[in-house]
Amino acid sequence: MSVQATSASPVSGAAAAVDERVRQVSWAKRLLSRPELGSVSGSILVFFFFALVAWDSGMFAIDGVMNWTVVSAQLGIIAIGACLLMIAGEFDLSIGSMIGFAGMMIAIPAIYWGWPVWASILFAFTGAMAIGFLNGYIVVRTGLPSFIVSLAFLFILRGLTIALSIMLTNRTIISGVNEKAESDWLAPFFGGEIGQGLFLWLGQNGWIDMYGDTPVVTGIPMVVVWWFLLALVCSWVLLRTRFGNWIFAAGGDAKAAKNVGVPTDRVKILLFMFTAFCATLYAACQVLEFGSAAADRGVLKEFEAIIAAVIGGALLTGGYGSVIGACFGALIFGVVQMGIFFTGIDSDWFRVFLGVMLLIAVLFNNMIRKKVTEAR
């Protein structure tokens, strides 16, 4: 008995390769659906503009690059926290006040109570995250808008920072933290630098300028390192883990998410605690960099963090956004803020730029949301 071999026809092979049940989406539509498209495009335009008008100003020298990178990193840390919370459908307007409050929680115990700096830092993180838990708990248990609850905490924390600092120390600016932190094991993780040997080698070999025996840039500040670490970890959590899916679900439709078993209340409380963590991280890096804490630190930072997240593609209605986009939004801030300084433009125009960028980002994100909704 003979067996006749048969081969699949080209038509059947093509039908198997292209499943008609799967809608084909062009690369252009996939690109437009990316939340970070606006912030990446904005970053390119901003770099191009300042490359034209400020190339010879020192803005793109190694020390100039480090200046606007540090400014971007400081905002980027709190923008990441704000972005994740916005994707979950909530706001935290107390971030800025938490920066000043956490800074005082580090400085007062270290300077006036004789605590080691590492204990003061842990105390600040613990206290701030406890307040973040309370903030989130009130929101999920009462059903009140997080905008109102966190706005109340904005005033409560700012008032407590000023009142307690005056009551305990009779001043609103506390210095001398650097001296206390000189031999502390934890302080370098927030106020130190990495790569000092590399930058010294670059200076000695003529790659970067030197001031005597010291390179113009001595290392990468820890605030920049923290920014990159948070961006990598949080982006992975958001896009590659079940908790990330819960974040999107909580912001997309919290009631439907609850019905399928998503612990939306727990997710939101944890994200409120994370925004407090980010604010404290910002405060710790700032206190240990400058060696002082001030009650008025962090003013308006909550709005800058939200604007950076919106520029990065986060929708005000929740359920959509990108950590990488928020980081590029913060980068735009840093480049423009320092670019205005290097070009000698009146700094008052910076606020005008923020307002214009916010309006453009909201309009762009609204257009993208409509396209994504229509595609579904």
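Everything numeric here is computed off the predicted structure, so don't read it as measured data.

Asker: Quick rundown of the packing of helix α4 (residues 62-87) against helix α15 (residues 301-311)? Include the residues and the values.
Answerer: For the pair α4 and α15, the least separation of the axes is 8 Å and the interaxial angle reads 65°. By the criterion of interaxial angle, the relationship of α4 to α15 is roughly perpendicular. Crossing geometry of α4 relative to α15 is assigned as right-handed. Contacts between α4 and α15 pair Leu75, Ile78, Ala79, Ala82, Cys83 and Met86 from the former with Lys301, Glu304, Ala305, Ile306, Ala308, Ala309 and Val310 from the latter.

Asker: Go over helix α5 (residues 95-112), please, and point to the residues and values.
Answerer: For α5, spanning 18 residues, the distance from its first C-alpha to its last is 25 Å, which sits close to the expected 26 Å at 1.5 Å a residue. α5 sits mainly inside the fold: 16 of its 18 residues count as buried. Phi turns positive, to about 75°, at glycine 114, one or two residues after α5.

Asker: A description of the confidence of the model for the chain should follow, citing residues and the corresponding values.
Answerer: Should the pLDDT be low somewhere, the predicted coordinates at that spot are not to be read in detail. When pLDDT is averaged along the chain, the result is 87, and 88% of the positions lie at 70 or above. Of all the helices and strands in the chain, helix α1 (residues 10-17) carries the lowest mean pLDDT, 48, while helix α6 (residues 117-142) carries the highest, 97. Counted against residues more than four places away or in other chains, residues 1-12, with its pLDDT under 50, gives zero contacts.

Asker: An account of the packing of aromatic side chains is requested, with residue identities and associated values reported.
Answerer: Overall, the coordinates contain 14 aromatic pairs when judged by the stated rule. Taking the centre distance of 5.7 Å and the plane angle of 15° together, the rings of phenylalanine 190 and tryptophan 226 count as stacked. Of this pair, phenylalanine 190 sits in helix α9 (residues 188-191) while tryptophan 226 sits in helix α11 (residues 222-240), placing them 36 residues apart in sequence. The exposure class assigned to tryptophan 226 is partly exposed, which follows from its relative accessible area of 21%. Feature note: the residues Phe125, Phe190, Trp226, Phe274 and Phe277 constitute an aromatic cluster, connected by ring pairs.

Asker: How would you explain the side chain of glutamate 304 if you had to name every residue and give the values?
Answerer: For glutamate 304, the location among the structural elements is in helix α15. Assessed through its relative accessible area of 6%, glutamate 304 is described here as buried. Separated by 3.2 Å, the side chains of glutamate 304 and lysine 301 make a polar contact.

What counts, and at which threshold
Residues numbered from 1 in each chain as written. Predicted model: local features only at pLDDT ≥ 70, side-chain atom pairs only at ≥ 80, totals over all residues. Heavy atoms only, no water. Axes fitted to C-alpha atoms, helices over the stretch in contact; angles between N-to-C directions. Helix = DSSP H or I, 4+ residues; strand = E, 2+ residues; numbered from the N terminus. Parallel < 35°, antiparallel > 145°, perpendicular 65-115°, else oblique. Left-handed = near helix turned anticlockwise from the far one by under 90°. Contact = heavy atoms within 4.5 Å. Expected span 1.5 Å × (residues − 1). Buried < 20%, exposed > 50% of the residue type's maximum accessible area, 1.4 Å probe, protein only. pLDDT = per-residue confidence, 0-100. Phe/Tyr/Trp six-rings, centres within 6.5 Å; stacked < 30°, edge-to-face > 60°. Polar contact = N/O pair within 3.5 Å; in protein donor to acceptor, adjacent residues only side chain to side chain.

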